[in-house]
Amino acid sequence: LKDNYDVIIIGSGGAGLTSAIQAYELGLSPVILEKMDKLGGNTTRASSGMNAAETFVQLNHKIVDSFADFYNETFVGGGKMNNPELLKFFTEHGALAIDWLDQHDIKLDDLTITGGMKTMRTHRPSSLAPIGGYLVTELLKYIAKYQIPLFDNIKVTDLLTDNDQIVGVKAFSNREIKIQAKAVVLATGGFGAGKDLLAQYRSDLLNLRTTNQPGATGDGLKLAQKVGAKLVDMDQVQVHPTVQQDTPHAFLIGEAVRGEGAILVNNSGQRFVNELDTRKNVTQAIDDLGGTGAYLIFDQSIRNRVKAIEFYDHIGLVETGQTLSALAETIKVDINSLQSTVNNWNQAVKIKNDQDFGRKTGMERDISEAPFFAIHIAPAVHYTMGGVAINHQTQVLDEANQPIAGLFAAGEVAGGLHGNNRIGGNSIAETVVFGRQAGQQVYKYLKG
Ligand code: ADP
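Please read all numbers here as calculations on a predicted model, not as lab measurements. (Residues numbered from 1 in each chain as written. Predicted model: local features only at pLDDT ≥ 70, side-chain atom pairs only at ≥ 80, totals over all residues. Heavy atoms only, no water.)

(A) Expanded view of the sheet that holds strand S5 (residues 122-124). Pairing is antiparallel in the open sheet, where 3 strands are placed in the order S3-S5-S4. Both outer strands of the open sheet, strand S3 (50-51) and strand S4 (110-112), are each paired with one neighbouring strand and no more. Sheet topology note: the S3/S5 ladder contains 2 bridges and is antiparallel. Along S5, the bridge assignment pairs Asn51 with Thr122. (Pairing = 2+ DSSP bridges. Helix = DSSP H or I, 4+ residues; strand = E, 2+ residues; numbered from the N terminus.)

This is the structure we're talking about:
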């Protein structure tokens with residue numbers, strides 16, 4: 001560890017790794033500091049994919065999309081509370097981010113769909129593996145190739161300023177250290193595991209489990225606030241509808257399971273919601289069941305489309321039945337009821353018309369190929385939409401909406417993009433789009 005770099009990047013998730021690679025490729029000398037001993041943050045847990053419109057991948061799949069549709073669907077899904085400046089930049093730069101990843105041998109050649117979207121724009125690896133682990137592994141190859149210094153177990157505790165400019169950080173490993181830099185990128189993620197901030201902004205969620213890694217405690221927000229940054233949308237916390245939590249660890253069951261065709265049923269074996277409505281609405285519908293949770297129901301053909309299910313099964317989260325009745329018996333729901341629910345659903349898939357709940361997506365395949373599967377799920381804290389205020393150049397803003405010189409933020413630490421509900425597939429996209437942007441804007445700030 002040197003005592004001076006061009007730019008210090010705090011956090012080793014998707015946003016931090018991307019911004020470091022981008023800064024390096026522009027000729028800067030970055031360093032990445034990570035407080036945990038495990039790299040990759042919550043990004044490693046991301047499952048569904050990366051949303052982007054007008055990509056070459058979509059055209060390869062004969063899907064003609066538009067920036068405008070991507071913008072509008074995200075805006076409606078976010079309760080029209082999304083920051084329009086950030087949303088415009090985001091939706092118009094996703095395709096470039098997919099190109100950039102492709103140029104770095106990070107191939108997201110398959111497509112799926114998530115709740116609230118009307119078209120297939122969730123890009124994922126053709127291995128159908130969860131995106132997060134794949135992305136972090138591949139980005140780390142470039143960190144290694146470029147020999148970008150990356151240190152774990154170093155926690156940044158303060159930002160250093162001089163004349164209202166960022167000049168470095170104070171950090172703690174075994175002892176307190178000071179590192180100088182002309183710019184700092186906050187890529188510290190959200191506060192989904194930060195009990196104090198949740199207590200402050202959403203005490204009603206304190207009794208819920210979280211899907212987040214233990215380091216997601218909102219440090220970046222506190223660091224930024226101490227140097228005068230504005231925070232936005234802090235009470236907007238996403239509760240993810242489908243989290244298996246009957247074991248000590250809460251496992252998020254990715255939206256792709258529904259995107260590829262799974263349905264949700266209640267304890268009586270009946271559907272109760274459009275499974276691909278937004279996370280906010282699906283969560284509300286499950287809450288309305290009165291605390292029982294619900295079951296995801298799917299078959300072998302759907303399982304084949306989502307690699308992560310093998311892992312869920314391996315660790316005992318999946319119930320299996322050779323027939324639908326056997327499955328119903330195992331999960332103790334009424335056999336006839338489950339049978340007729342699945343029959344009705346299969347009919348809806350056939351005629352592409354879900355009269356019961358108006359679902360329009362994730363209807364490429366029905367539920368008919370044995371064996372049949374169920375996963376018990378319930379909502380858990382997942383993502384914090386709020387965070388530090390930034391503009392589309394990733395500059396952190398103060399209370400007067402003026403940039404704080406030398407301070408940039410990208411990824412979940414930044415607030416405003418998602419409004420009151422993040423769409424599945426938009427967080428990975430955010431880390432790459434705004435991670436690249438942070439790397440570029442730091443370069444412009446230092447050399448431009
Ligand atoms: P994003 O998806 O926005 O990239 P992640 O959650 O994937 O966010 O990654 C954020 C990373 O930042 C995590 O690995 C987290 O442990 C790390 N981090 C958070 N606070 C600090 C801190 N004070 N010092 C160093 N690293 C931090």
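(B) Expanded view of the domain arrangement of the protein chain. If you check the domain split of the protein chain, you get domain 1 (4-191 + 385-447) and domain 2 (239-381). On a C-alpha basis, the centres of domain 1 and domain 2 stand 31 Å from each other. Domain 1 puts 23 residues into the contact, and the matching count from domain 2 is 19 residues. Across the interface of domain 1 and domain 2, roughly 1500 Å² is buried in total on both sides, 48% from carbon and sulfur atoms. The partner of Asp110 in a salt bridge is Arg305, with the nearest N and O atoms 3.5 Å apart. (Domains from an automatic or database assignment. Contact = heavy atoms within 4.5 Å. Buried area = accessible area lost by both parts, 1.4 Å probe. Salt bridge = Lys/Arg side-chain N within 4 Å of Asp/Glu carboxyl O.)

(C) Just the nonpolar core, in detail. Among the nonpolar cores identified, the biggest contains 86 residues, and Ile8, Ile10, Met50, Val169, Leu186 and Val396 are the most heavily contacted of them. For this core, the leading source of residues is helix H4 (residues 84-103), giving 8 residues. In this structure, Val396 is in contact with Leu186, Ala229, Val388, Ala389, Ile390, Gln402, Pro403, Ile404, Leu407, Phe408 and Ala409, ignoring residues within four places of it in sequence. Of all hydrophobic cores here, the second largest spans 42 residues; its members include Ile263, Val265, Phe298 and Ala348. (Core = buried A, V, L, I, M, F, W, Y, C linked by side-chain atoms within 4.5 Å. Buried < 20%, exposed > 50% of the residue type's maximum accessible area, 1.4 Å probe, protein only.)

(D) Structural view of the site of the ligand. Around the ligand sit 25 residues in total, of which Ala15, Glu34, Thr43, Asp219 and Glu412 are the nearest. A distance of 3.0 Å separates an oxygen atom of the ligand from a polar backbone atom of Asn42. Measuring from an oxygen atom of the ligand, one finds a side-chain N or O atom of Thr43 at 2.5 Å. For the ligand, the accessible surface in isolation is 580 Å², of which the surrounding protein chains cover 98%. Where the shell around the ligand is concerned, the elements lending two or more residues are helix H1 (14-25) and strand S7 (155-162). For the shell around the ligand, the per-class residue count stands at 7 nonpolar, 13 polar and 5 charged. (Near = heavy atom within 4 Å. Polar contact = N/O pair within 3.5 Å; in protein donor to acceptor, adjacent residues only side chain to side chain. Areas by Shrake-Rupley, 256 points an atom, 1.4 Å probe, with all protein chains shown as cover. Nonpolar A, V, L, I, M, F, W, Y, C, P; charged D, E, K, R; others polar.)

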